[in-house]
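Report on the structure
Single-letter residue listing:
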Amino acid sequence: MIRAKGIAAFAAKQPLGPYAFERRDPRPNDVVIDIKYCGICHSDVHQARDEWGGSQFPMVPGHEIAGVVTAVGTAVTKHKVGDRVGVGCLVDSCRTCESCERTLEQYCLKGANFTYNGLEKDGKTVTQGGYSNVIVVDENYTLRIPDALPLDKAAPLLCAGVTLYSPLKHWKAGPGKRVGIMGLGGLGHMGVKIGVAMGAEVTVISRNDSKKQDALGMGAHHFLATDTPDALKAHAGTFDLIINTVSADIDMGPYFQLLKLDAALVVVGVPEKPLSIHPFPLIGMRRSYAGSLIGSIRETQDMLDFCAAKNITPDIETIAPEGINAAYDRVVKSDVRYRFVVDMGKL
Ligand code: NAP
Ligand code: ZN
């Protein structure tokens, strides 16, 4: 086994701290990755604090992993030692179900193997994530990081980037489409940059004006602050697609009125409590209420190549591993512009 060190949550709502554990020796299709950077996703906070229920401890969070290959198994063809690679939210899946056959492994019918707070394919080994110095992953679930993307800025693309890229693509964001992004956080700011690069007319829908200049600087065409009276009413029936990245439970009712006939509101944010809606805003204009989970390995590679070609990177604040607990508190207060990235080399 490979000795690994990490930063783990040991119980819900307690500070994270140092943790020594083991990674498997590389199998024929595995690559061993020296982790250089790992982003902090709000999902890490939800799970480390057991806000979704069922969290397994000790838990090494982190699914926005960027690093360098240090060893490869005997059958590996995709990578060689020294390659810059990424790992996102998935480290395996059944590979044979209808979803996997369609290269949509995140929707694996047997349940994808998530990077942490999940189980490996043996059904018993707990997966541990990227707040650590090393990870061993099957080459089919690793990503190639294009040379144009620095590793620290590539990290947040592995979850935040693809979680917005996937629904923007699926619901056909592009020229002539009005797209709304609810919540300008880690996910939301990637949605703005990617949506604009796809050619859509993008509006940020945020709680107040405090992020307006940032949003316009990222290329957003419009900014809607929901604390202004009647802000939403003035834009009723004008959006083709809205993606909700908000991490808290909010009243969804008013947002459906923003959609055109047949348009969709796609939720990607996962608050602790259910989001309730009344059917009237949906049935009135044949609107759809949909959801989307991260993205597949293929979509993630497409997104990385797209971001490299279009010169898109996240806005990051780099911290040392000792700063993770303070960063969690700042994520919850939305006091981050716009993604924390942990320098794992300092572990
Ligand atoms: P984040 O950086 O904290 O951003 C969330 C944004 O939500 C904030 O910036 C804020 O935007 C808004 N917000 C926060 N509290 C709010 C409140 N009380 N009322 C209204 N708006 C509020 O989080 P993130 O990392 O982008 O993640 C967002 C959510 O997506 C989380 O729930 C996370 O678990 C989930 N997620 C889902 C997937 C998926 O596959 N579906 C993948 C990754 C993450 P404003 O300040 O602009 O209002
Ligand atoms: Zn995430």
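You'll find the structure just up there.
Residues numbered from 1 in each chain as written. Chains lettered and ligands numbered in written order. Predicted model: local features only at pLDDT ≥ 70, side-chain atom pairs only at ≥ 80, totals over all residues. Heavy atoms only, no water.

**Overview of helix H9 (residues 297-310)**
Relative to the 20 Å expected for 14 residues at 1.5 Å per residue, H9 spans 20 Å between its end C-alpha atoms, a close match to the ideal helical length. Every buried residue of H9 is listed here: Ile297, Glu299, Thr300, Gln301, Met303, Leu304, Phe306, Cys307 and Ala308. On its buried face, H9 sits against strand S6 (90-92), strand S9 (143-144), helix H4 (160-170) and helix H5 (186-197). With its phi angle positive at about 60°, Asn311 sits one or two positions after the end of H9. (Helix = DSSP H or I, 4+ residues; strand = E, 2+ residues; numbered from the N terminus. Expected span 1.5 Å × (residues − 1). Buried < 20%, exposed > 50% of the residue type's maximum accessible area, 1.4 Å probe, protein only. Contact = heavy atoms within 4.5 Å.)

**Quick look at the environment of Leu157**
Within the secondary structure, Leu157 sits in the loop between helix H3 (151-154) and H4. Distance from Leu157 to Thr226, taken between C-alpha atoms, is 27 Å for residues 69 residues apart in sequence. In contact with Leu157, other than residues within four places in its own chain, are Leu149, Val162, Met190, Met303, Leu304, Cys307 and Pro314.

**Describing the site of ligand 1**
With respect to spatial proximity, 29 residues lie near ligand 1, and among them His42, Ser206, Lys211, Ile294 and Arg339 are the closest. Here Gly185 contributes a backbone N or O atom positioned 3.4 Å from an oxygen atom of ligand 1. Those elements that place two or more of their residues in the shell around ligand 1 are helix H1 (42-48) and H5. A total of three residues in the shell around ligand 1 trace back to one element, the largest contributor, which is H1. Taken together, the residues of the shell around ligand 1 break down into 13 nonpolar, 13 polar and three charged. (Near = heavy atom within 4 Å. Polar contact = N/O pair within 3.5 Å; in protein donor to acceptor, adjacent residues only side chain to side chain. Nonpolar A, V, L, I, M, F, W, Y, C, P; charged D, E, K, R; others polar.)

**What about the side chain of Glu105?**
Along the chain, the position of Glu105 falls in the loop between helix H2 (98-101) and strand S7 (113-114). With no salt bridge to any partner, buried Glu105 finds its closest opposite charge in Arg298, at an N-O distance of 7.1 Å. With sequence-adjacent residues up to four places away left out, Glu105 is seen in contact with Leu90, Ser93, Ser99, Cys100, Ala112, Tyr141, Ser296 and Ile297. (Lys, Arg positive; Asp, Glu negative; His and termini not counted. Salt bridge = Lys/Arg side-chain N within 4 Å of Asp/Glu carboxyl O.)

**A few points about the packing of aromatic side chains**
Pairs of aromatic rings are described using the distance from one ring centre to the other and the angle between the two planes. Within the structure shown, the criterion is met by four aromatic pairs. Linked through ring pairs, Phe10, Tyr19 and Phe21 together constitute an aromatic cluster. (Phe/Tyr/Trp six-rings, centres within 6.5 Å; stacked < 30°, edge-to-face > 60°.)

**Remarks on the coordination of the zinc ion (ligand 2)**
In the first shell of the zinc ion (ligand 2), the protein supplies Cys41 (SG), His63 (NE2) and Cys159 (SG), at 2.0 to 2.2 Å from the metal. In primary-sequence terms, the residues that donate to the zinc ion (ligand 2) follow C-x21-H-x95-C. You can see Cys41 sitting in the loop between strand S3 (30-40) and H1 and its partner Cys159 sitting in the loop between H3 and H4, a full 118 residues away along the chain. Per residue, the accessibility class of Cys41 equals that of Cys159, and both read buried. (Donors = N, O, S within 2.8 Å, 3.2 Å for Na, K, Ca; no water.)

**Looking at a nonpolar patch on the surface**
Judged by side-chain polarity, Tyr107, Phe114 and Leu293 come together as a nonpolar surface patch covering roughly 230 Å² of accessible area. Mapping Phe114 onto the fold places it in strand S7. Accessibility expressed as a relative area gives 31% for Phe114, which makes it partly exposed. (Patch = residues over 30% accessible without salt bridge, like charges linked within 9 Å, V, L, I, M, F, W, Y side chains within 5 Å. Areas by Shrake-Rupley, 256 points an atom, 1.4 Å probe, with all protein chains shown as cover.)

**What about the layout of surface pockets?**
Size it by volume and the second largest pocket reaches roughly 380 Å³. Taken together, 20 residues make up the lining of the second largest pocket; nearest its centre are Arg24, Glu120, Thr125, Thr127 and Val136. Those elements that place two or more of their residues in the lining of the second largest pocket are strand S2 (17-23), S6 and strand S8 (134-138). Looking at which element gives the most residues to the lining of the second largest pocket, the answer is S8, with four residues. Per-class residue counts for the lining of the second largest pocket are seven nonpolar, four polar and nine charged. (1 Å grid on protein atoms, 1.4 Å probe; cavity = no way out; pocket = protein on both sides within 12 Å on 5 of 7 lines; lining within 4 Å. Points joined across faces, edges and corners; volume = space filled by probe spheres on them.)

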